[in-house]
Amino acid sequence: MASVHFFNDTSGLAWFIVAAYFAGALAAFVASRSASKIEARFWLGVSLLLVLLGFNKELDLQSLLTEFGRTLTRAIGIYEQRRWLQGLFLLLLAGAATFAILRLRGMLHRSSAPVKTAAAGIALLFTFILLRAASFHHIDDWVTVDVRGFRSGWWLELAGIAVVALSALAYRAEPRSR
């Protein structure tokens, strides 16, 4: 019988990244407390997104999705077309990320600089997510290269989290009324 692992990566660095997600989520939540209605929704959405990404970092839910897709395509007899389906999935994921970024851009065009900077951090995280999704489909080279003890993709992930968290802190520190 195969053993079940609840956590994906129990290394100290992986837990550090999970903690960074949760710290970023807390910073975004705190920023929402002093925000205007639209910006408060943005910060709450960012907080929720970071919490979900933090849980996913250790629970490895994308691997469950991959295994489900593999099982489903075998069951319905289209597993041989998996490369085409994987490409379609990545295209849809990229389209959804692009739509989300453009929607954010439209919603936040009058927002403060920290909000716009946080949105850029979200774009970095979406880029990382797309690279990770692509890595499940045999485009793994860039994401797993070791750079000073980190997988290169982790640098992008941490950069996105840091941009969002620091933007939330800067937003909270702004002296203007909302």
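Now for a description of the structure that goes with this document. (Residues numbered from 1 in each chain as written. Predicted model: local features only at pLDDT ≥ 70, side-chain atom pairs only at ≥ 80, totals over all residues. Heavy atoms only, no water.)

**Some words on helix α4 (residues 82-107)**
At step 1: In this model, α4 (26 residues) spans 37 Å end to end at C-alpha, consistent with the 38 Å of a helix rising 1.5 Å per residue.
At step 2: Taken together, the buried positions of α4 are occupied by Gln 86, Leu 90, Ala 97 and Leu 104. (Helix = DSSP H or I, 4+ residues; strand = E, 2+ residues; numbered from the N terminus. Expected span 1.5 Å × (residues − 1). Buried < 20%, exposed > 50% of the residue type's maximum accessible area, 1.4 Å probe, protein only.)

**Describing the packing of aromatic side chains**
Aromatic rings in a pair are described by how distant their centres are and how their planes are angled relative to each other.
At step 1: Counting across every chain of the model gives three aromatic pairs.
At step 2: Centroid distance Phe 22 to Phe 55: 5.2 Å. Interplanar angle 65 degrees. Geometry classified as edge-to-face. Of this pair, Phe 22 sits in helix α1 (residues 12-32) while Phe 55 sits in helix α2 (residues 37-59), and the two are 33 residues apart along the sequence.
At step 3: Using a relative accessible area of 46% as the deciding quantity, one classes Phe 55 as partly exposed.
At step 4: Each ring, one from Phe 42 and one from Trp 43, has its centre 5.1 Å from the other, and the planes form 70 degrees; the classification is edge-to-face. In this pair, the class of Phe 42 matches that of Trp 43, namely buried.
At step 5: Grouping aromatic residues by their ring pairs yields a cluster made of Phe 42, Trp 43 and Tyr 171.
At step 6: Geometry around Tyr 79 places Arg 74 over its ring, the cationic atom sitting 4.3 Å from the centre. (Phe/Tyr/Trp six-rings, centres within 6.5 Å; stacked < 30°, edge-to-face > 60°. Lys NZ or Arg CZ within 6 Å of the ring centre and 35° of its normal.)

**Remarks on α1**
At step 1: Here α1 contains 21 residues, and its C-alpha end-to-end distance of 30 Å stays within 8% of the 30 Å for a straight helix at 1.5 Å per residue.
At step 2: Burial in α1 covers these residues: Leu 13, Ala 14, Ile 17, Val 18, Ala 20, Tyr 21, Gly 24, Ala 25, Ala 27, Ala 28, Ala 31 and Ser 32.

Everything listed here is a matter of geometry and, on its own, says nothing about what the molecule does.
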